[in-house]
Amino acid sequence: MPGFTGGTLDRADRLRHDAEALAAAQSDWRARLLVLDAFDPVLDGEGQLSWTSLADAPDGAELVLLGLGERERPHFAALLPGARVPAGRSLRLFAMLGAMAPGEAATYAAARSLLDWHSRHGFCANCGQPTAIFRAGWARRCDACGTEHFPRVDPVVIMLAEHQGSCLLGRQPAWPKGRYSALAGFLEVGESIEEAVARELFEEAGVRVSGVRYIASQPWPFPSSLMIACVGAAEDDAITLDTHELEDAFWATRGEVRAALAGDPGARFLAPPPYAIAHTLLSAWAEAG
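Below is a short write-up of the structure. (Residues numbered from 1 in each chain as written. Predicted model: local features only at pLDDT ≥ 70, side-chain atom pairs only at ≥ 80, totals over all residues. Heavy atoms only, no water.)

## Observations concerning the pairing of strand E10 (residues 154-163)
Consideration 1: Counting buried residues in E10 gives eight out of ten residues, a clear majority hidden from the surface.
Consideration 2: With nine bridges connecting them, E10 and strand E14 (residues 225-234) associate as parallel partners. Each bridged residue has a counterpart across the sheet, and for Asp-154 the counterpart in E14 is Ser-225.
Consideration 3: Across four bridges, E10 lies against strand E12 (residues 183-186) in antiparallel orientation. Note that in E12 the partner of Val-156 across the bridge is Phe-186.
Consideration 4: Sheet analysis places E10 next to strand E11 (residues 166-171), joined by two bridges and oriented antiparallel. Of the residues in E11, the one forming a bridge with Glu-162 is Cys-167.
Consideration 5: Remark: two residues form the turn of the hairpin made by E10 and E11, two consecutive strands paired antiparallel; Gln-164 in that turn has positive phi of roughly 50 degrees. (Buried < 20%, exposed > 50% of the residue type's maximum accessible area, 1.4 Å probe, protein only. Helix = DSSP H or I, 4+ residues; strand = E, 2+ residues; numbered from the N terminus. Pairing = 2+ DSSP bridges.)

Next up, the structure:
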(Lines give C-alpha, C1' and ligand atoms only; values in the text may rest on other atoms or scores of the structure.)
Protein backbone atom coordinates (compact mmCIF):
# COMPACT_ATOMS: atom_id res chain seq x y z
CA MET A 1 0.00 0.00 0.00
CA PRO A 2 1.44 3.43 -0.92
CA GLY A 3 2.51 5.69 1.92
CA PHE A 4 0.03 8.26 3.27
CA THR A 5 -2.89 5.96 2.43
CA GLY A 6 -4.98 3.59 4.55
CA GLY A 7 -6.35 6.16 7.00
CA THR A 8 -8.90 4.89 9.51
CA LEU A 9 -10.81 8.08 10.36
CA ASP A 10 -14.32 8.65 9.00
CA ARG A 11 -14.01 12.10 7.43
CA ALA A 12 -17.60 12.81 8.50
CA ASP A 13 -18.61 15.17 5.73
CA ARG A 14 -22.09 15.24 7.25
CA LEU A 15 -20.78 17.20 10.25
CA ARG A 16 -19.24 19.88 8.08
CA HIS A 17 -22.70 21.16 7.12
CA ASP A 18 -24.33 20.78 10.55
CA ALA A 19 -23.40 23.54 13.00
CA GLU A 20 -25.11 21.83 15.94
CA ALA A 21 -23.46 18.47 15.29
CA LEU A 22 -20.08 20.14 14.90
CA ALA A 23 -20.54 22.05 18.16
CA ALA A 24 -21.45 18.77 19.87
CA ALA A 25 -18.29 17.16 18.51
CA GLN A 26 -16.19 20.05 19.79
CA SER A 27 -17.75 19.78 23.26
CA ASP A 28 -17.45 15.98 23.40
CA TRP A 29 -15.21 15.15 26.39
CA ARG A 30 -13.68 12.32 24.38
CA ALA A 31 -12.55 14.59 21.52
CA ARG A 32 -8.87 14.41 20.66
CA LEU A 33 -6.47 17.06 19.41
CA LEU A 34 -3.50 16.14 17.22
CA VAL A 35 -0.19 17.03 18.84
CA LEU A 36 2.15 18.80 16.41
CA ASP A 37 5.56 20.39 16.72
CA ALA A 38 4.89 23.37 14.47
CA PHE A 39 3.69 21.37 11.41
CA ASP A 40 5.63 18.17 12.16
CA PRO A 41 4.12 15.08 13.81
CA VAL A 42 4.92 13.96 17.34
CA LEU A 43 5.17 10.18 17.63
CA ASP A 44 5.10 7.82 20.56
CA GLY A 45 7.47 4.90 20.91
CA GLU A 46 5.36 2.71 18.61
CA GLY A 47 5.15 5.08 15.67
CA GLN A 48 1.65 6.28 16.57
CA LEU A 49 0.56 9.90 16.37
CA SER A 50 0.25 11.69 19.71
CA TRP A 51 -3.10 13.16 20.78
CA THR A 52 -4.29 15.31 23.66
CA SER A 53 -7.50 16.93 24.92
CA LEU A 54 -9.16 19.90 23.22
CA ALA A 55 -8.56 21.72 26.50
CA ASP A 56 -4.91 21.90 25.43
CA ALA A 57 -5.70 23.85 22.25
CA PRO A 58 -3.60 27.06 22.17
CA ASP A 59 -5.34 30.39 22.74
CA GLY A 60 -6.82 31.76 19.54
CA ALA A 61 -6.60 28.44 17.68
CA GLU A 62 -9.40 27.33 15.36
CA LEU A 63 -10.32 23.67 15.22
CA VAL A 64 -10.21 21.64 12.01
CA LEU A 65 -12.20 18.41 12.06
CA LEU A 66 -10.07 15.53 10.80
CA GLY A 67 -12.81 12.95 11.29
CA LEU A 68 -14.36 10.43 13.63
CA GLY A 69 -12.54 7.47 15.07
CA GLU A 70 -13.74 4.38 16.92
CA ARG A 71 -17.16 4.89 18.58
CA GLU A 72 -17.42 8.18 16.63
CA ARG A 73 -14.77 9.87 18.74
CA PRO A 74 -13.98 13.28 17.19
CA HIS A 75 -10.42 14.04 16.10
CA PHE A 76 -9.24 17.60 15.46
CA ALA A 77 -6.17 19.61 14.51
CA ALA A 78 -5.51 23.17 15.67
CA LEU A 79 -5.10 26.02 13.21
CA LEU A 80 -2.91 28.67 14.83
CA PRO A 81 -3.29 32.33 13.79
CA GLY A 82 -0.41 33.48 11.62
CA ALA A 83 1.22 30.04 11.45
CA ARG A 84 3.42 29.51 8.40
CA VAL A 85 4.93 26.29 7.11
CA PRO A 86 8.74 26.56 7.07
CA ALA A 87 10.52 26.36 3.73
CA GLY A 88 11.89 22.92 2.97
CA ARG A 89 11.49 19.72 4.94
CA SER A 90 13.82 18.55 7.65
CA LEU A 91 15.65 15.21 7.73
CA ARG A 92 13.99 14.73 11.12
CA LEU A 93 10.54 14.82 9.50
CA PHE A 94 11.45 12.21 6.90
CA ALA A 95 12.89 9.97 9.59
CA MET A 96 9.54 10.16 11.40
CA LEU A 97 7.62 9.37 8.21
CA GLY A 98 9.59 6.16 7.91
CA ALA A 99 8.79 5.28 11.53
CA MET A 100 5.02 5.83 11.37
CA ALA A 101 2.68 2.91 11.90
CA PRO A 102 0.47 1.95 8.91
CA GLY A 103 -2.43 4.37 8.47
CA GLU A 104 -1.01 7.01 10.81
CA ALA A 105 0.72 8.82 7.97
CA ALA A 106 -2.64 9.17 6.19
CA THR A 107 -4.12 11.06 9.15
CA TYR A 108 -1.03 13.23 9.39
CA ALA A 109 -1.10 13.92 5.63
CA ALA A 110 -4.67 15.21 5.78
CA ALA A 111 -3.90 17.41 8.79
CA ARG A 112 -0.69 18.78 7.31
CA SER A 113 -2.23 19.59 3.94
CA LEU A 114 -5.26 21.29 5.51
CA LEU A 115 -3.25 23.41 7.94
CA ASP A 116 -0.76 24.33 5.24
CA TRP A 117 -3.59 25.36 2.91
CA HIS A 118 -5.22 27.54 5.56
CA SER A 119 -1.90 29.21 6.36
CA ARG A 120 -1.54 30.30 2.72
CA HIS A 121 -5.13 31.27 1.91
CA GLY A 122 -6.10 33.91 4.39
CA PHE A 123 -7.25 36.26 1.63
CA CYS A 124 -9.78 35.91 -1.13
CA ALA A 125 -8.37 35.23 -4.60
CA ASN A 126 -11.42 36.96 -6.07
CA CYS A 127 -11.45 40.31 -4.25
CA GLY A 128 -8.45 40.28 -1.92
CA GLN A 129 -10.41 40.59 1.33
CA PRO A 130 -9.77 38.35 4.38
CA THR A 131 -11.42 34.94 4.41
CA ALA A 132 -12.76 32.96 7.37
CA ILE A 133 -12.77 29.25 8.11
CA PHE A 134 -16.02 27.30 7.70
CA ARG A 135 -17.29 23.80 6.94
CA ALA A 136 -15.39 22.43 9.97
CA GLY A 137 -12.09 23.59 8.52
CA TRP A 138 -12.55 22.14 5.04
CA ALA A 139 -13.19 25.49 3.35
CA ARG A 140 -12.81 29.26 3.69
CA ARG A 141 -15.38 31.92 2.84
CA CYS A 142 -15.04 35.58 1.93
CA ASP A 143 -17.72 37.66 3.65
CA ALA A 144 -16.99 40.59 1.34
CA CYS A 145 -17.90 38.92 -1.97
CA GLY A 146 -19.31 35.58 -0.86
CA THR A 147 -16.73 33.45 -2.67
CA GLU A 148 -16.08 30.05 -1.14
CA HIS A 149 -12.60 28.54 -1.34
CA PHE A 150 -11.81 24.84 -0.98
CA PRO A 151 -8.50 23.00 -0.55
CA ARG A 152 -7.01 22.05 -3.89
CA VAL A 153 -4.94 19.03 -4.82
CA ASP A 154 -2.18 19.39 -7.42
CA PRO A 155 -1.95 16.28 -9.65
CA VAL A 156 1.56 15.00 -10.34
CA VAL A 157 2.49 12.15 -12.67
CA ILE A 158 5.34 9.92 -11.55
CA MET A 159 6.35 7.32 -14.09
CA LEU A 160 8.65 4.67 -15.41
CA ALA A 161 9.49 4.26 -19.07
CA GLU A 162 10.24 0.61 -19.80
CA HIS A 163 12.20 -0.87 -22.70
CA GLN A 164 13.26 -4.48 -23.21
CA GLY A 165 13.14 -5.44 -19.54
CA SER A 166 14.65 -2.23 -18.14
CA CYS A 167 13.13 0.93 -16.69
CA LEU A 168 14.31 4.53 -16.81
CA LEU A 169 15.48 6.11 -13.54
CA GLY A 170 16.85 9.57 -12.86
CA ARG A 171 18.18 11.68 -10.01
CA GLN A 172 18.12 15.30 -8.93
CA PRO A 173 21.22 16.94 -7.45
CA ALA A 174 19.57 17.64 -4.09
CA TRP A 175 18.81 13.98 -3.40
CA PRO A 176 20.93 11.80 -1.10
CA LYS A 177 24.05 10.40 -2.72
CA GLY A 178 23.29 7.45 -4.97
CA ARG A 179 19.49 7.84 -4.92
CA TYR A 180 17.61 7.34 -8.19
CA SER A 181 13.88 7.32 -8.68
CA ALA A 182 11.08 7.53 -11.21
CA LEU A 183 10.72 10.74 -13.18
CA ALA A 184 7.87 13.05 -12.19
CA GLY A 185 6.15 16.30 -13.06
CA PHE A 186 2.98 18.31 -12.57
CA LEU A 187 0.05 17.93 -14.93
CA GLU A 188 -0.51 21.05 -16.97
CA VAL A 189 -3.89 22.53 -17.83
CA GLY A 190 -5.59 20.95 -20.80
CA GLU A 191 -3.82 17.58 -20.77
CA SER A 192 -4.68 14.06 -19.68
CA ILE A 193 -2.64 11.88 -17.34
CA GLU A 194 -1.36 9.88 -20.31
CA GLU A 195 -0.34 13.04 -22.16
CA ALA A 196 1.44 14.40 -19.08
CA VAL A 197 3.40 11.17 -18.67
CA ALA A 198 4.52 11.26 -22.30
CA ARG A 199 5.37 14.96 -22.19
CA GLU A 200 7.40 14.79 -18.97
CA LEU A 201 9.43 11.78 -20.09
CA PHE A 202 10.25 13.45 -23.39
CA GLU A 203 11.05 16.82 -21.81
CA GLU A 204 13.30 15.44 -19.07
CA ALA A 205 14.96 12.50 -20.83
CA GLY A 206 14.11 12.70 -24.52
CA VAL A 207 12.26 9.37 -24.28
CA ARG A 208 9.02 8.88 -26.22
CA VAL A 209 6.44 6.48 -24.76
CA SER A 210 3.05 5.05 -25.62
CA GLY A 211 0.66 2.59 -24.03
CA VAL A 212 0.70 4.42 -20.69
CA ARG A 213 -0.94 2.41 -17.91
CA TYR A 214 -1.94 3.44 -14.39
CA ILE A 215 -0.43 1.68 -11.36
CA ALA A 216 -1.42 3.49 -8.15
CA SER A 217 -1.84 6.91 -6.51
CA GLN A 218 -0.75 8.60 -3.31
CA PRO A 219 -1.47 11.86 -1.49
CA TRP A 220 1.73 13.80 -0.90
CA PRO A 221 1.21 16.51 1.76
CA PHE A 222 4.14 18.81 0.90
CA PRO A 223 2.04 20.79 0.46
CA SER A 224 -0.88 19.03 -1.25
CA SER A 225 -0.24 16.86 -4.30
CA LEU A 226 -1.72 13.67 -5.66
CA MET A 227 1.00 11.45 -7.07
CA ILE A 228 -0.27 9.34 -9.99
CA ALA A 229 2.06 6.45 -10.75
CA CYS A 230 2.20 5.10 -14.31
CA VAL A 231 4.33 3.02 -16.67
CA GLY A 232 4.78 3.66 -20.38
CA ALA A 233 6.45 1.70 -23.18
CA ALA A 234 9.46 3.49 -24.67
CA GLU A 235 10.18 3.52 -28.41
CA ASP A 236 13.93 3.09 -27.79
CA ASP A 237 16.53 3.47 -25.04
CA ALA A 238 18.22 6.69 -26.23
CA ILE A 239 18.45 9.33 -23.48
CA THR A 240 18.72 13.07 -24.09
CA LEU A 241 18.99 14.55 -20.60
CA ASP A 242 17.53 17.92 -19.58
CA THR A 243 20.19 18.99 -17.10
CA HIS A 244 17.92 21.71 -15.71
CA GLU A 245 15.68 18.91 -14.38
CA LEU A 246 17.97 15.91 -13.83
CA GLU A 247 21.57 15.31 -12.91
CA ASP A 248 21.69 11.81 -14.39
CA ALA A 249 19.52 9.01 -15.75
CA PHE A 250 20.04 5.38 -16.74
CA TRP A 251 18.15 2.20 -17.61
CA ALA A 252 17.92 -0.26 -14.71
CA THR A 253 17.20 -3.96 -15.06
CA ARG A 254 14.67 -5.74 -12.88
CA GLY A 255 17.50 -7.42 -11.04
CA GLU A 256 19.09 -4.06 -10.27
CA VAL A 257 15.76 -2.66 -9.09
CA ARG A 258 15.10 -5.67 -6.86
CA ALA A 259 18.56 -5.37 -5.31
CA ALA A 260 18.03 -1.69 -4.55
CA LEU A 261 14.57 -2.27 -3.06
CA ALA A 262 16.01 -5.01 -0.86
CA GLY A 263 18.65 -2.62 0.46
CA ASP A 264 21.53 -4.64 -0.96
CA PRO A 265 24.74 -2.69 -0.15
CA GLY A 266 26.09 -3.68 -3.56
CA ALA A 267 23.05 -2.35 -5.43
CA ARG A 268 23.63 0.00 -8.35
CA PHE A 269 21.53 2.75 -6.76
CA LEU A 270 19.77 3.78 -3.55
CA ALA A 271 16.02 3.18 -3.81
CA PRO A 272 13.35 5.70 -2.77
CA PRO A 273 12.08 5.27 0.82
CA PRO A 274 9.11 2.93 1.41
CA TYR A 275 6.66 5.78 2.16
CA ALA A 276 7.24 7.29 -1.31
CA ILE A 277 5.03 6.06 -4.15
CA ALA A 278 8.16 5.73 -6.29
CA HIS A 279 9.01 2.76 -4.06
CA THR A 280 5.55 1.29 -4.69
CA LEU A 281 5.90 1.88 -8.42
CA LEU A 282 9.32 0.25 -8.62
CA SER A 283 8.09 -2.70 -6.55
CA ALA A 284 5.09 -3.21 -8.81
CA TRP A 285 7.26 -3.02 -11.92
CA ALA A 286 9.87 -5.42 -10.53
CA GLU A 287 7.25 -7.92 -9.41
CA ALA A 288 5.51 -7.79 -12.79
CA GLY A 289 8.62 -9.28 -14.35
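## Let's talk about the packing of aromatic side chains
Consideration 1: In the structure shown here, the tally under the stated rule is nine aromatic pairs.
Consideration 2: When the centroid spacing of 5.9 Å and the interplanar angle of 20 degrees are considered together, the rings of Phe-94 and Tyr-275 count as stacked. Here Phe-94, found in helix H3 (residues 91-99), pairs with Tyr-275, found in the loop between helix H6 (254-261) and helix H7 (277-288); they are 181 residues apart in sequence, far enough to count as distant.
Consideration 3: Between Tyr-180 and Phe-250 the ring centres are 4.8 Å apart and the planes differ by 75 degrees, which places this aromatic pair in the edge-to-face class. With a gap of 70 residues between them, Tyr-180 in the loop between E11 and E12 and Phe-250 in strand E15 (residues 248-253) connect regions that are remote in the sequence. Here Tyr-180 matches Phe-250 in class, with each residue buried.
Consideration 4: Members of the aromatic cluster, joined through ring pairs, are Phe-4, Phe-94, Trp-220, Phe-222 and Tyr-275.
Consideration 5: Over the face of the ring belonging to Trp-285 we find Arg-254, whose NZ or CZ atom lies 4.0 Å from the ring centre. (Phe/Tyr/Trp six-rings, centres within 6.5 Å; stacked < 30°, edge-to-face > 60°. Lys NZ or Arg CZ within 6 Å of the ring centre and 35° of its normal.)

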